[in-house]
Amino acid sequence: MKKTLLGLLLTLASATQAQQKLTAFEPGKVWPDDKGTHLNAHGAGVLYDKGRYYLFGEHKIAGPRGNSAQVGVHCYSSTDLYNWKDEGIALTVAPEGSGSEIEKGSVIERPKVVFNKKTGKYVMWFHLELKGKGYSAARTAVAVSDKATGPYAYMRSYRPGAGQWPLGFKEEWKQPAPNEANLKWWTPEWRKAVTEGLFVRRDLQPGQMARDMTVFVDDDGKAYNIHSSEENLTLHVAELTDDYQGFTGRWNTIAPAGHNEAPALCKRNGKYYLITSGCTGWAPNAARSFVSSSIWGPWQQLGNPATGPDADSTYHSQSTYILPVAGKKNAFIFMADRWTPKNPIEGGYIWLPLSFEGDQPRLQWADRWNLGVFDQPKKAAVAQ
Ligand code: DGJ
């Protein structure tokens, strides 16, 4: 059969496209979207909704201003987790000078989107810092949309837990101990004071600080915002209202004085697993892990989940999310960022299969791997 020139070109084009279809993850490499551009979704989270995955992350720009919010939250969608379609900006920053909390130049980090079955709305939470105030505002903020891809309408920001003591907070901790404000940081006495509510008391009225964060929806539909609080010394878990747009006031601390950020959470066989990092700014450090049989704790600290070369820097990355693979039991992908603060747009993505040895979450480096590893859990994570 004779082909026209146009027909030939189209065949060629689709052949090239087919060749470009990704069939594996290559952690740390450039990850092209459907237009061939490196994904721009840092500090990301993933929503699985009606057969599609939606990736939401910080849109970074080149150069020194690139870590502040200049554009907004970028969304991509995928059916196979390797190939991502650019869905554009889901939450757009407000114009500079508008006075909006999310104006251009504010800090919008670690967006996480969840779907609320009761309202039919998509709810995006993120860490918000107000323009020109460094990281002192320490707020968590919420935006809502009728569609997964947005546009998301900005609602408001919170210091969670205002006026509410955490669960199990002892009566005698409600009053400051003499001289506690003068304790030297990092001493055993100071650590004890932090564990007994030094910063919780300080921030009771304004509400607790909320920086690096994630959102987790449990099997019973209840959702939680887990964030670094108390000057990044202690993680807090705070229950969201039924519509996921506010806080119920029930909250608790995790690992007081443990100095954790970058929380990522999953549930496996009824237990909750948390992976975090230490606090070294944009520089990577060794990940930590925790397990609990209740979201409210007590949390037991486990070891560094990373193994092998570069485990002490989590393979030069920092956790952002644990993605349950749809349709596969106990299949989780650890998602992390390789930050490049001098030119944030270049930041890389480290996605690795998360396995378990008993209760201990485990990570192992792979240059290239695919979802087949979850069907043969004991085999090496090598892609075809
Ligand atoms: C590391 C955090 O995990 C990031 O989300 C960001 O807040 C930077 N620190 C800021 O230094």
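Above this text is the structure in question.
All values derive from a computational prediction rather than experimental measurement. (Residues numbered from 1 in each chain as written. Predicted model: local features only at pLDDT ≥ 70, side-chain atom pairs only at ≥ 80, totals over all residues. Heavy atoms only, no water.)

Novice: Please provide a residue-by-residue account of unusual backbone geometry, values included.
Specialist: Of note, the amide linkage connecting glycine 150 to proline 151 takes the cis form, showing an omega dihedral of 5°. Topologically, proline 151 is positioned in the loop between β7 (139-145) and β8 (153-158). At leucine 81, a residue that is not glycine, the phi angle is positive and equals roughly 75°. Note that leucine 81 resides in the loop between β3 (72-78) and β4 (85-92). Phi at asparagine 179 takes a positive value of approximately 70°, unusual for a residue other than glycine. As for its position among the elements, asparagine 179 is in the loop between β8 and α2 (188-195). Relative accessible area serves as the criterion here: at 57%, asparagine 179 is assigned to the exposed category. (Helix = DSSP H or I, 4+ residues; strand = E, 2+ residues; numbered from the N terminus. Buried < 20%, exposed > 50% of the residue type's maximum accessible area, 1.4 Å probe, protein only.)

Novice: Tell me about the pattern of salt bridges, and please be specific about residues and values.
Specialist: The tally for this structure, following the rule as stated, stands at 22 salt bridges. A salt bridge links aspartate 212 to arginine 110; the nearest nitrogen and oxygen atoms lie 3.3 Å apart. You can see aspartate 212 sitting in the loop between α3 (198-202) and β9 (213-217) and its partner arginine 110 sitting in strand β5 (residues 107-116), a full 102 residues away along the chain. A residue is classified by how much of its surface remains accessible, and aspartate 212, at 7% relative accessible area, is buried. On the basis of relative accessible area, arginine 110 is assigned to the buried category, the value being 2%. Among the salt bridges present, the one from arginine 202 reaches aspartate 203, with a minimum N-O distance of 3.0 Å. On the basis of relative accessible area, arginine 202 is assigned to the partly exposed category, the value being 42%. (Salt bridge = Lys/Arg side-chain N within 4 Å of Asp/Glu carboxyl O.)

Novice: Go over the nonpolar core with me, naming the residues and quoting the values.
Specialist: Leu55, Ile333 and Trp351 are the most contacted members of the largest nonpolar core, which totals 44 residues. Among the elements of the structure, β1 (42-49), β2 (52-58), β13 (261-268), β14 (271-277), β17 (318-324), β18 (332-338) and β19 (348-357) are those that each provide at least two residues to this core. It is β19 that provides the largest number of residues to this core, a total of 6 residues. Leaving out residues up to four positions away in the same chain, isoleucine 333 has contacts with Phe25, Leu81, Tyr321, Ile322, Leu323, Val325, Trp351, Leu352, Trp369, Leu371 and Phe374. Ranked by size, the runner-up nonpolar core spans 21 residues in total, among them Leu47, Ile102, Phe126 and Ala143. (Core = buried A, V, L, I, M, F, W, Y, C linked by side-chain atoms within 4.5 Å. Contact = heavy atoms within 4.5 Å.)

Novice: Lay out the sheet that holds β4 in plain terms, naming residues and giving numbers.
Specialist: Across the sheet, 4 strands lie side by side as β1-β2-β3-β4; this open sheet has antiparallel pairing. Edge positions in the open sheet fall to β1 and β4, since each of these has one partner strand only. With strand direction ignored, the average angle separating the axes of adjacent strands in the sheet is 25°. Two strands pair when backbone bridges link them, and β1 and β2 are joined in this way by 6 bridges, in the antiparallel orientation. The residue bridging leucine 47 from the neighbouring strand is tyrosine 54, located in β2. (Pairing = 2+ DSSP bridges. Axes fitted to C-alpha atoms, helices over the stretch in contact; angles between N-to-C directions.)

Novice: Just give me the short version of the pairing of β13, but keep the residues and values in it.
Specialist: Along β13, 7 of the 8 residues are buried, which leaves the element largely enclosed by surrounding structure. Of the strand pairs in this sheet, β13 and β14 are connected by 6 bridges, and their pairing is antiparallel. In the sheet register, alanine 264 faces β14, and the bridge partner there is isoleucine 275. Here β13 hands over to β14 after 2 residues, with asparagine 269 in that stretch at a positive phi of 45°.

Novice: Provide a residue-level description of the environment of asparagine 116, including the pertinent values.
Specialist: Tracing the backbone through its elements, the reader meets asparagine 116 in strand β5. Measuring from C-alpha to C-alpha, the distance between asparagine 116 and aspartate 243 comes to 6.3 Å, with 127 residues separating the pair along the chain. Those residues in contact with asparagine 116 that lie beyond four places of it in its chain are Lys121, Val123, Asp242, Asp243 and Tyr244. Only 2.9 Å separates the side chain of asparagine 116 from the backbone nitrogen of threonine 119, close enough to count as a polar contact. Here aspartate 243 takes part through its backbone oxygen, which lies 3.4 Å from a polar atom of the side chain of asparagine 116. (Polar contact = N/O pair within 3.5 Å; in protein donor to acceptor, adjacent residues only side chain to side chain.)

Novice: Tell me about the environment of leucine 39, and name the residues and values.
Specialist: Along the chain, leucine 39 turns up in the loop between α1 (5-20) and β1. On the basis of relative accessibility, which here comes to 2%, the residue leucine 39 falls in the buried class. On a C-alpha basis, the gap between leucine 39 and alanine 137 in space is 29 Å, while along the polypeptide they are 98 residues apart. Apart from residues lying up to four places away in sequence, leucine 39 is in contact with Trp31, Asp33, Leu55, Tyr76, Trp84 and Tyr349.

Novice: Tell me what's going on with α2, and back it up with residues and numbers.
Specialist: Each full turn of the α-helix corresponds to 3.6 residues, which orients residues three or four apart in the same direction. What α2 keeps buried is the set Trp190, Ala193 and Val194. Summarising the axial view, the buried residues of α2 lie within an arc of 100°, below the 170-degree limit, and thus occupy one face. Facing away from the buried side of α2 by over 90 degrees, the exposed positions are Pro188 and Lys192. Buried-residue contacts for α2 involve α3 and β11 (234-240). One or two steps after α2, the chain reaches glycine 197, where phi turns positive at roughly 95°. (Arc of directions from axis to C-beta.)

Novice: Pulling in residues and values, what's your account of the site of the ligand?
Specialist: Neighbouring residues of the ligand: Glu109, Arg110, Tyr135, Asp212, Glu261, Gly281, Trp282 and Gln318. Glutamate 261 has a polar side-chain atom sitting 3.4 Å from an oxygen atom of the ligand. In isolation the ligand has 290 Å² of accessible area, and contact with the protein removes 88% of it. Grouping the constituent residues of the shell around the ligand by class yields 2 nonpolar, 2 polar and 4 charged. (Near = heavy atom within 4 Å. Areas by Shrake-Rupley, 256 points an atom, 1.4 Å probe, with all protein chains shown as cover. Nonpolar A, V, L, I, M, F, W, Y, C, P; charged D, E, K, R; others polar.)

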